[in-house]
Amino acid sequence: MNCSELMSLLVDFLGGELVQERRETVELHIRACPRCEVYVASYTQTVKVARALPKCGRLPATFEARLRQLLEPELKARQDD
Ligand SMILES: [Zn+2]
């Protein structure tokens, strides 16, 4: 797995929607890749804060789709450092 693949799976990973085998692959990558470790940590924190807000339920489907679209170029920018 590379960083780009991890990003594409991140929403499902954090939502607990990956099969065990896929999940372990993601966890292995995060442990071996400091960039993704930091990225996942900050992303997780953001999700926690958002969920803690009052009257804030599950993300609207359109927002989640947009988030997925935003993650890919973000990663590419990091790889070009
Ligand atoms: Zn990575």
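Residues numbered from 1 in each chain as written. Predicted model: local features only at pLDDT ≥ 70, side-chain atom pairs only at ≥ 80, totals over all residues.

With respect to the overall build of the protein
Scanning the protein from N- to C-terminus turns up 4 helices and 0 strands. In the protein, the succession of helices and strands from N to C terminus is α-α-α-α. Relative to the compact-globule value of 12 Å for 81 residues, the protein shows a C-alpha radius of gyration of 13 Å, a close match. With the C-alpha coordinates aligned to their principal axes, the bounding extent of the protein is approximately 35 × 30 × 20 Å. Here the protein, with 81 residues, has 11% of them falling under the buried criterion. (Helix = DSSP H or I, 4+ residues; strand = E, 2+ residues; numbered from the N terminus. Rg over C-alpha atoms; globule rule 2.2 N^0.38 Å. Buried ≥ 20, exposed ≤ 12 C-beta atoms within 10 Å, placed from the backbone.)

Details of the packing of helix H1 (residues 3-14) against helix H4 (residues 61-79)
At a minimum axis separation of 9 Å, H1 and H4 run at an interaxial angle of 160 degrees. Overall, the two elements H1 and H4 adopt an arrangement that is roughly antiparallel. Helix-helix and strand crossings are classified by hand; for H1 and H4 the assignment is right-handed. Listed contacts from H4 to Cys3, Ser4, Met7, Leu10 and Val11 of H1 are Glu64, Leu67, Arg68, Leu71, Glu72, Leu75 and Gln79. For the contact of H1 with H4, the class distribution of residues is 7 nonpolar, 2 polar and 3 charged. (Axes fitted to C-alpha atoms, helices over the stretch in contact; angles between N-to-C directions. Parallel < 35°, antiparallel > 145°, perpendicular 65-115°, else oblique. Left-handed = near helix turned anticlockwise from the far one by under 90°. Contact = placed C-beta atoms within 7 Å. Nonpolar A, V, L, I, M, F, W, Y, C, P; charged D, E, K, R; others polar.)

A few points about the packing of H1 against helix H3 (residues 34-52)
Where H1 meets H3, the axes come as close as 12 Å, and the angle between the chain directions of the two elements is 25 degrees. Considering their axes alone, H1 and H3 lie roughly parallel with respect to each other. Every pair of crossing elements has a handedness; the one defined by H1 and H3 is right-handed. Contact residues: H1 offers Cys3, Leu6, Leu10 and Leu14, while H3 offers Arg35, Cys36, Val40, Tyr43, Thr44 and Val47. Considered class by class, the residues forming the contact of H1 with H3 number 8 nonpolar, 1 polar and 1 charged.

Considerations on the environment of Val49
In this fold, Val49 is placed in helix H3. For the pair Val49 and Val19, spaced 30 residues apart in sequence, the C-alpha to C-alpha distance is 26 Å.

Details of the environment of Cys3
Of note, Cys3 is situated in helix H1. Counting along the chain gives 35 residues from Cys3 to Val38, while the straight-line C-alpha distance between them is 12 Å. Excluding residues that lie within four positions of it along the chain, Cys3 makes contacts with Cys33, Arg35, Cys36, Leu75 and Gln79.

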